[in-house]
Amino acid sequence: MPSIGSMAGSWFPPAERSTMAGIFTSGNQVGASASSVISAALCSSPWKWPSIFYLFGSLGIVWSVGWFVLSSNSPATNRFTSQNEVVFLEAQIHRKSKVESVPWRSMVSCKPLYACLCCQFAYNFSATLMQAFLPTYFRDELMVPLSVNGVYTTIPFAVQIVMKSGSSIVADWLKRKGILEQTQCAKTFQTMCAVGIAASLFSLAFLPSCERPWIAAVCLACYGISYSFGIPGFFTALMSIAPQYSGTLTSLTMTAATLANIGSPLAMFMFMLLKTRHVWQWIFVITGSLNLIAGGIFLVYGDGE
């Protein structure tokens, strides 16, 4: 992830970073969906489960070869980039040719960075909840049969495949047309992300029932749409506030993401261990509230330039 952040600062003008982020992060959903189907097929094949590791390990090697051949630190040092494109990108990006020492003191006092850290924590807290516990929610809370459980649980991720790229392209179009400035665009989309996720999770906590599981499907579709708005929101801001050090900034937010990935299942297990009534209502309300708080912090302190 830090390397991708660094590439964004080196290769993509500010008005294209949302589109870039939307496309590459949608690979998470495409990869997760495809790998599940492929792994299941390989497990039932004559080659059994070891073939899964051979296949994905081989794909990693092939990708690495392509990466070393095609990539470079900057457009000026890339043999596949035309001179016209190099001139255009250098004029748009204004990146220094030499990376100076990381300004840690300035980062420690940078409010927009803390706003992005809060958003990344809330973002991953909700993502981990959906990835790890959504099948359990449909099985235990809504009594959905296993035969259709998978259909429900893939809804938010299928929506994100389309909406991440779509919303990011719209955001960059708004910036290019001068309708919204970079900071205004990031705050607008991040607010829609936070409010949308909170509304979807609050609805998921109280509206669906065993007799009406389809309501959960609607809530999850709205969640997937809202979740996608975070890419042209805080994630694009993260790559824009200091392009020279976007790799370092991305690594810092990945620390916040990892803490959220740990905290979300811990919170769920704590509620289960204490035998708390209405566990799912509690966890959905807490997760939605975290996103609202992070969205409010970004609205006040966030920056896209």
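Residues numbered from 1 in each chain as written. Predicted model: local features only at pLDDT ≥ 70, side-chain atom pairs only at ≥ 80, totals over all residues. Heavy atoms only, no water.

Peer 1: Looking at this structure, how should I read the overall build of the protein?
Peer 2: A count of helices and strands for the protein gives 13 helices and zero strands. In sequence order, the secondary structure elements of the protein are arranged as α-α-α-α-α-α-α-α-α-α-α-α-α. Relative to a compact globule of 305 residues, whose C-alpha radius of gyration would be 19 Å, the protein shows 21 Å and is just as compact. Along the first, second and third principal axes, the C-alpha atoms of the protein reach 60 × 55 × 35 Å. Of all intrachain contacts in the protein linking residues separated by at least 6 positions in sequence, the fraction that spans at least 24 positions is 79%. Accessible surface computed for the protein: about 15,800 Å², of which carbon and sulfur atoms make up 69%. (Helix = DSSP H or I, 4+ residues; strand = E, 2+ residues; numbered from the N terminus. Rg over C-alpha atoms; globule rule 2.2 N^0.38 Å. Contact = heavy atoms within 4.5 Å. Areas by Shrake-Rupley, 256 points an atom, 1.4 Å probe, with all protein chains shown as cover.)

Peer 1: Explanation requested: the UniProt feature "transmembrane region" (unreviewed entry) in the protein in the structure shown.
Peer 2: The positions UniProt marks with the feature "transmembrane region" (unreviewed entry) are residues 52–70, 113–134, 186–208, 214–239, 251–273 and 279–301. Here residues 52–70 is 100% helix and 0% strand, with 27 Å between the C-alpha atoms at its ends. End C-alpha to end C-alpha, residues 214–239 measures 38 Å, and it is 92% helix and 0% strand. (UniProt positions renumbered as here; feature names shortened; annotations may be inferred.)

Peer 1: Where do I start with the packing of aromatic side chains in this structure?
Peer 2: In this description, a pair of aromatic rings is defined by centroid distance and the angle of the planes. For the structure shown, the criterion picks out 16 aromatic pairs. Ring centres of Phe24 and Phe235 lie 6.0 Å apart, and the angle between their planes is 55°; this geometry places the pair in the tilted category. Taken together, the positions of Phe24 in helix 2 (residues 17–43) and Phe235 in helix 11 (residues 231–240) put the pair 211 residues apart, joining distant regions of the chain. What makes Phe235 buried here is its relative accessible area of 6%. Their ring planes at 65° and their centres at 5.3 Å tell us that Tyr137 and Trp280 sit as a pair that is edge-to-face. One end of the pair, Tyr137, is in helix 6 (residues 111–141); the other, Trp280, is in helix 13 (residues 279–301), with 143 residues separating them in the sequence. Of the residues examined, Tyr137 reaches a relative accessible area of 2% and is grouped as buried. (Phe/Tyr/Trp six-rings, centres within 6.5 Å; stacked < 30°, edge-to-face > 60°. Buried < 20%, exposed > 50% of the residue type's maximum accessible area, 1.4 Å probe, protein only.)

Peer 1: Even after reading the chapter, I still don't get helix 11, so can you show me in this structure?
Peer 2: Each turn of an α-helix holds 3.6 residues, which means side chains three or four residues apart point in the same direction. Judged by how many residues are buried, helix 11 sits mostly within the fold: ten of ten residues are covered. Listing the buried residues of helix 11 in full gives Ile231, Pro232, Gly233, Phe234, Phe235, Thr236, Ala237, Leu238, Met239 and Ser240.

Peer 1: For this particular structure, what's the right way to read the nonpolar core?
Peer 2: Most often, soluble globular proteins keep nonpolar side chains buried together rather than apart. If you look at the biggest cluster of nonpolar residues, it comprises 62 residues, and the most contacted ones within it are Met130, Tyr137, Phe138, Leu204, Ile283, Phe284 and Phe298. Of all the secondary structure elements, the ones that give two or more residues to this core are helix 2, helix 6, helix 8 (155–176), helix 9 (182–206), helix 10 (214–228), helix 11, helix 12 (246–273) and helix 13. Broken down by element, this core gets its largest block of residues, 15 residues, from helix 6. In this structure, Phe298 is in contact with Ala115, Cys116, Cys119, Ala186, Lys187, Gln190, Gly233, Phe234, Ala237 and Asp303, ignoring residues within four places of it in sequence. (Core = buried A, V, L, I, M, F, W, Y, C linked by side-chain atoms within 4.5 Å.)

Peer 1: Looking at this structure, I do not really get a nonpolar patch on the surface. What am I missing?
Peer 2: Taken together, the side chains of Ile61, Val65, Val69, Leu70 and Phe80 make up a nonpolar region of the molecular surface, amounting to roughly 500 Å² of accessible area. Considering the arrangement of structural elements, one finds Leu70 in helix 3 (residues 50–70). Exposure remark for Leu70: the relative accessible area of 53% places this residue in the exposed category. (Patch = residues over 30% accessible without salt bridge, like charges linked within 9 Å, V, L, I, M, F, W, Y side chains within 5 Å. Salt bridge = Lys/Arg side-chain N within 4 Å of Asp/Glu carboxyl O.)

Peer 1: Before we go on, may I ask you to explain the packing of helix 1 (residues 2–11) against helix 2 in this structure?
Peer 2: A pair of packed helices is captured by two measures, namely the crossing angle of their axes and the spacing between those axes. Here helix 1 crosses helix 2 at 150°, and the two axes come no closer than 10 Å. Looking at the two axes, helix 1 sits roughly antiparallel to helix 2. As helix 1 runs across helix 2, the sense of the crossing is right-handed. Mapping the contact onto sequence places Ile4, Ala8 and Gly9 in helix 1 and Arg17, Met20 and Phe24 in helix 2. (Axes fitted to C-alpha atoms, helices over the stretch in contact; angles between N-to-C directions. Parallel < 35°, antiparallel > 145°, perpendicular 65-115°, else oblique. Left-handed = near helix turned anticlockwise from the far one by under 90°.)

Peer 1: Sorry, what's going on with helix 12 here?
Peer 2: For helix 12, which comprises 28 residues, the first-to-last C-alpha distance of 40 Å matches the rise-based estimate of 40 Å (1.5 Å per residue) to within 8%. Lys275 sits one or two residues past helix 12 and shows a positive phi near 55°. (Expected span 1.5 Å × (residues − 1).)

Peer 1: Just to check I follow, could you spell out the state of the cysteines for this structure?
Peer 2: Disulfides are covalent bonds that link the sulfur atoms of two cysteine residues. Under the criterion given, the structure shown has zero disulfides. Cysteine Cys118 remains unbridged, with the sulfur of Cys119 as its closest cysteine sulfur at 6.9 Å. Judged by its relative accessible area of 30%, Cys118 is partly exposed. No disulfide involves Cys210; its sulfur sits 15 Å from that of Cys219, the nearest cysteine. On the accessibility criterion, Cys210 (40% relative accessible area) is partly exposed. (Disulfide = S-S within 2.5 Å.)

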